[in-house]
Amino acid sequence: MNKKEWEILLQETIGPSHVLFHSAAHGALHLAVFVKRDLIWFCTMPEDDLVQTRAVTMVKTKGAIAISFQFFGTSFIFINCHFAPGDGKKRERLDDFTKITKNLNLPKQGNTGSPNGSSADVTTRFDSVFWMGDLNFRIEAYKGKQAIEDIVKYIEQQEHTNYEDLLAGDQLSKLIVEGSIFQGFQEGRINFRPTYKYDIGHDTFDTSSKNRIPSYTDRVLFQAKKKNSIVCTHYDSPSNVRLSDHHPVYAIFEVAIQPARDCSLPLAAGQFDRAVYTEGNIHVHDICFILRKHMLSNRKTLKVWKFIEKHSERKKSKISLLPMKM
């Protein structure tokens, strides 16, 4: 699936309430920011940048991409990355983090209006920072793959699952506590099984000849310049999505937005990817057109709702809102 197809699928899944505000890609890395339709007028022009952490001639799979903009008076940056793989590559992963924070050139137009706007560390230049990706940090405190699998199995047999004992061996958690990486960042509570590595299409840990040790390689971290202005309300990994040897992770946040302030950054003036929006909502538009035609000839609400139920098997949750908008 290429970048455009992926964005259309995201648009179709999210629905017509949101639009693709901006996206960026670098090889296998892809980052897309969707914004609620009636809020795009309060965003500044988005900017993006990338950092490669491997030689230019190598396959574009390692590095980072980022998108930044200001929403009302709060500046945001979203970073997606892929750190060095391998059980013994902890030092390389730390180097990747340092290289990315020093070389991401954002914001490009002026200052965000926030403190530390000229800092060498990109994460200090924004009010709200969200960093996600395949960080590739491993679980190293237990002897071998089987030991970790046994711990996971034991945890899942309990009435209330708690993965804290397993996380005691997590490289990333240790390094954050030591102050070696992601200083000032936070992470939601992990209460799900390791996200790597699985047999594709199954919920079984790696049975290939590589026999990879299960680990929490895929993470979402955040940093707020103002204390308690970002709260992670949900953090999880859906085990039923099995298209990769990784299980995906997702996080939901509540963010306090500051009032608009004077700045020299140009506003986005309502821009979004209209082609993706049209393609992603084509089925909604089709049914909406049929619904409008039906309502012109039949004004009875009961019959309209029966019509909706008959013609909206695929997108019932979206279609059910249409009569309220007419």
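Residues numbered from 1 in each chain as written. Predicted model: local features only at pLDDT ≥ 70, side-chain atom pairs only at ≥ 80, totals over all residues. Heavy atoms only, no water.

A.B. asks: Just checking my understanding: could you explain the pattern of salt bridges for this structure?
C.D. replies: When charged atoms on two side chains of opposite charge get close, those side chains can pair. All chains considered together, the criterion is met by 11 salt bridges. With its nearest N and O atoms 2.8 Å apart, the salt bridge here joins R138 to D87. Of this pair, R138 sits in the loop between β6 (128-134) and α3 (145-156) while D87 is found in the loop between β5 (74-82) and α2 (90-103), placing the two residues 51 residues apart along the sequence. Since its relative accessible area comes to 4%, R138 is described here as buried. Taken together, the salt bridges that share partners define one network made up of E156, R193 and D203. (Salt bridge = Lys/Arg side-chain N within 4 Å of Asp/Glu carboxyl O. Helix = DSSP H or I, 4+ residues; strand = E, 2+ residues; numbered from the N terminus. Buried < 20%, exposed > 50% of the residue type's maximum accessible area, 1.4 Å probe, protein only.)

A.B. asks: Explain helix α1 (residues 3-14) here, please?
C.D. replies: Structural remark: α-helix, 3.6 residues per turn; residues separated by three or four positions point the same way. With 12 residues, α1 extends 17 Å between its outermost C-alpha atoms, agreeing within 8% with the 16 Å of an ideal straight helix rising 1.5 Å per residue. For α1, the complete set of buried residues consists of E7, I8, Q11 and E12. End-on view of α1: buried residues confined to an arc of 140 degrees, all on one side of the axis. Sitting at the amino-terminal end of α1 is N2, which places a side-chain oxygen 3.2 Å from the backbone nitrogen of K4. G15 lies just past α1 and shows a positive phi near 100 degrees. (Expected span 1.5 Å × (residues − 1). Arc of directions from axis to C-beta. Polar contact = N/O pair within 3.5 Å; in protein donor to acceptor, adjacent residues only side chain to side chain.)

A.B. asks: I keep staring at a nonpolar patch on the surface and nothing clicks. Help me out?
C.D. replies: On the surface, a nonpolar cluster with roughly 390 Å² of combined accessible area is contributed by W41, F42, F72 and I257. Its place among the elements puts I257 in the loop between β10 (250-255) and α6 (274-280). In this structure I257 comes out as partly exposed when scored by relative accessible area, which is 35%. (Patch = residues over 30% accessible without salt bridge, like charges linked within 9 Å, V, L, I, M, F, W, Y side chains within 5 Å. Areas by Shrake-Rupley, 256 points an atom, 1.4 Å probe, with all protein chains shown as cover.)

A.B. asks: Just to check I follow, could you spell out α3 for this structure?
C.D. replies: End to end, α3 covers 17 Å across 12 residues, agreeing with the expected 16 Å (1.5 Å per residue, within 8%). Among the residues of α3, those classed as buried are K145, I148, E149, I151, V152 and I155. The arc that holds the buried residues of α3, viewed along the axis, is 160 degrees, so those residues lie on one side. Those residues of α3 that are exposed and angled more than 90 degrees off the buried face are K153 and Y154. On its buried side, α3 packs onto α4 (164-167). (Contact = heavy atoms within 4.5 Å.)

A.B. asks: What's the story with the pairing of strand β4 (residues 63-71) in this structure? I'm lost.
C.D. replies: Walk down a regular strand and you will see the side chains alternate between the two sheet faces. Within β4, 9 of the 9 residues are buried, which leaves it mostly tucked inside the rest of the structure. What you see with β4 is no split at all: G63, I65, I67, F69 and F71 on one side and A64, A66, S68 and Q70 on the other are buried throughout. Pairing between strand β3 (residues 47-52) and β4: 6 bridges, direction antiparallel. Pairing of E47 across the sheet is with S68, part of β4. As defined by bridge partners, β4 adjoins β5 across 9 bridges and the pair is classed as antiparallel. In the strand pairing of β5, A64 is matched with C81. (Pairing = 2+ DSSP bridges.)

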